[in-house]
Amino acid sequence: GGYTVGDFMTKREDLHVVKTSTPVDEALEMLVQNRISGFPVIDDDWELVGVVSDYDLLALDSMAGCGLADTNSNMFPEVDSTWKTFREIQRLLSKTSGKVIGDVMTPSPLVVRETTNLDAAARLLLETKYHRLPVVDSAGKLVSG
């Protein structure tokens, strides 16, 4: 029957998540520390309410007119962060001015279930602008990010 999303997803206990009330600067620091590019956003009951990516956070910088979002590279390179990247992140942190994840997240994201066929999930990623597919159960609770 082929592989399912459940065969390859990140397990819930290994997920990095944020809430709508998480300060943007705290989320940015978590992205850098964990070398990840985004988070599922949950409520207190682990119900998925949105997603937030490094691009969402870079949009803050773009709105502030600094142009970091105009670069075509990922904010967090695979190799050890360079001093330039560190300085850009420090500059961005100074512009978050009390914003929280709820201000910048994408609400009601596209989701899949553990039983979703892996080929179908891969097609969704290729055919949409999304870079991640949160996995939820039948009650809408986050199972994997």
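Residues numbered from 1 in each chain as written. Predicted model: local features only at pLDDT ≥ 70, side-chain atom pairs only at ≥ 80, totals over all residues. Heavy atoms only, no water.

1. Describing the overall build of the protein
Logical step 1: Looking only at helices and strands, one finds 5 helices and 6 strands in the protein.
Logical step 2: Helices and strands appear in the protein in the N-to-C order β-α-β-β-α-α-α-β-α-β-β.
Logical step 3: When burial is assessed residue by residue, the protein has 34% of its 145 residues classed as buried.
Logical step 4: In the protein, of all internal contacts separated by at least 6 residues, the share reaching a separation of at least 24 is 62%. (Helix = DSSP H or I, 4+ residues; strand = E, 2+ residues; numbered from the N terminus. Buried < 20%, exposed > 50% of the residue type's maximum accessible area, 1.4 Å probe, protein only. Contact = heavy atoms within 4.5 Å.)

2. Describing the environment of Val 32
Logical step 1: Relative to the helices and strands, Val 32 resides in helix α1 (residues 24-34).
Logical step 2: By relative accessible area, which is 30% here, Val 32 ends up partly exposed.
Logical step 3: Residues Val 32 and Asp 54, 22 residues apart in the sequence, show an inter-C-alpha distance of 9.8 Å.

3. A closer look at the confidence of the model for the protein
If pLDDT is low for a region, its predicted coordinates should not be looked at in detail.
Logical step 1: This prediction gives the protein a mean pLDDT of 81; 73% of its residues lie at or above 70.
Logical step 2: Taking the mean pLDDT of every element in the protein, the minimum, 64, falls on helix α3 (residues 83-93) and the maximum, 96, on strand β1 (residues 18-19).
Logical step 3: Predicted confidence is poor over residues 65-73, with pLDDT under 50, and the contacts of this stretch with residues over four places away or in other chains come to 11 contacts. (pLDDT = per-residue confidence, 0-100.)

4. Re the sheet that holds strand β2 (residues 38-42)
Logical step 1: Ordered in space as β1-β2-β3-β4, the 4 strands form an open sheet in which the pairing is mixed. Of all the strands in the sheet, just β1 and β4 (106-107) have a single pairing partner and so form its edges.
Logical step 2: Inspection of the sheet shows β1 paired to β2 by 2 bridges, in the parallel sense. Residue Val 18 lies in a different strand from β2, and its bridge partner there is Val 41.
Logical step 3: This element, α1, spans β1 and β2 of the sheet and lies at about 135 degrees to β2. (Pairing = 2+ DSSP bridges. Axes fitted to C-alpha atoms, helices over the stretch in contact; angles between N-to-C directions.)

5. Overview of the packing of aromatic side chains
Logical step 1: A full pass over the atoms with the stated rule returns 1 aromatic pair.
Logical step 2: The interplanar angle of 75 degrees and the centroid separation of 5.2 Å between the aromatic rings of Tyr 3 and Phe 8 together place this pair among those described as edge-to-face. Residue Tyr 3 shares its accessibility class with Phe 8, and that shared class is exposed.
Logical step 3: Sitting above the plane of the Trp 46 ring, Arg 12 keeps its charged end 3.9 Å from the centroid. (Phe/Tyr/Trp six-rings, centres within 6.5 Å; stacked < 30°, edge-to-face > 60°. Lys NZ or Arg CZ within 6 Å of the ring centre and 35° of its normal.)

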